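Chain and residue survey
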Amino acid sequence: NTQLISTVDDWGKSLTQVAEKAVLSAIEKNPETTQATCTTVGDNPVIKALHREYGVDIRLLSAADVANPKLFPKERELLDAYLYNAENGLPQSDNVQKLNDTLLVYNAPLAPTDLLCQKCFEHQQTSLVVWRILFNKKDVINKIDVKKLQ
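Rules behind the numbers
- Residues numbered from 1 in each chain as written.
- Predicted model: local features only at pLDDT ≥ 70, side-chain atom pairs only at ≥ 80, totals over all residues.
- Heavy atoms only, no water.
- Salt bridge = Lys/Arg side-chain N within 4 Å of Asp/Glu carboxyl O.
- Helix = DSSP H or I, 4+ residues; strand = E, 2+ residues; numbered from the N terminus.
- Buried < 20%, exposed > 50% of the residue type's maximum accessible area, 1.4 Å probe, protein only.
- Pairing = 2+ DSSP bridges.
- Axes fitted to C-alpha atoms, helices over the stretch in contact; angles between N-to-C directions.
- Disulfide = S-S within 2.5 Å.

Turning next to the pattern of salt bridges. Evaluated as defined, the whole model comprises 6 salt bridges. D9 is the salt-bridge partner of K13, the closest N and O atoms lying 3.0 Å from each other. In this pair, K13 and D9 are both assigned in helix α1 (residues 2-29), 4 residues apart and thus about one turn of the helix distant. By relative accessible area, which is 34% here, K13 ends up partly exposed. On the basis of relative accessible area, D9 is assigned to the partly exposed category, the value being 21%. K13 is paired through a salt bridge with D94; the nearest N and O atoms lie 2.7 Å apart. One end of the pair, K13, is in helix α1; the other, D94, is in the loop between α4 (73-87) and β2 (95-98), with 81 residues separating them in the sequence. Taken together, the shared-partner salt bridges connect D57, R59, E75 and R132 into one network.

What follows covers the environment of I47. As for its placement among the helices and strands, I47 is situated in helix α3 (residues 45-54). Along the chain, I47 and R132 lie 85 residues apart, while their C-alpha atoms are 12 Å from each other.

Turning to the sheet that holds strand β1 (residues 57-62), a few remarks are in order. Strand order across the open sheet formed by 4 strands is β1-β4-β3-β2, with antiparallel pairing between neighbours. For this open sheet the edge positions go to β1 and β2, each flanked by a neighbour on one side alone. Shown here is a sheet whose adjacent strand axes are inclined to one another by a mean of 25°, direction ignored. Inspection of the sheet shows strand β3 (residues 103-109) paired to strand β4 (residues 129-136) by 7 bridges, in the antiparallel sense. Looking across to β4, one finds that N107 is bridged to R132.

Attention shifts here to the state of the cysteines. For the coordinates displayed, the defined rule picks out 1 disulfide. Through a disulfide, C38 is tied to C120; the S-S separation comes to 1.8 Å. Measuring the twist about the S-S bond at about -60°, one finds the C38-C120 disulfide to be left-handed. With C38 in helix α2 (residues 34-39) and C120 in helix α5 (residues 115-120), this pair connects stretches of sequence that are 82 residues apart. Judged by its relative accessible area of 1%, C38 falls in the buried class. Judged by relative accessible area, which is 2%, C120 ranks as buried. Free cysteine C117: the closest other cysteine sulfur is in C120, separated by 8.3 Å.

Burial within β4 is extensive, with 7 of its 8 residues counted as buried. The pairing of β1 with β4 spans 6 bridges and is antiparallel. Bridge pairing in β4 places D57 opposite L134.

The structure is reproduced here in structure tokens:
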């Protein structure tokens, strides 16, 4: 279990860096489609490749997602905590949470000065942008086992 959490944390950190570069590159190439690019990051070719490779769902969440019924209740609670911290100028940090027996979520909040915050969600009352990567426990374990065999 500790190795699983550690692996998801490591992969989450790496995947968010790759995803952020891909989204910023897409925005730079087509600035007129910035809002669409930000709300549909899963359509980005690089992020689609990460989905195929790791079996993950990658999204950008904002303050509006605190009330998103499509998210797990625990995710909405976490977003609410991130929003509270953002409203009160408190430090933010990434984390891994177990959602149920099969799913883990990695969240990485972005600083208000981050380019994605400024470009994607510039009209928010409170600047809150969080990378959300949903991992299937089975896929992570299988990938760990494959790496051990190599």
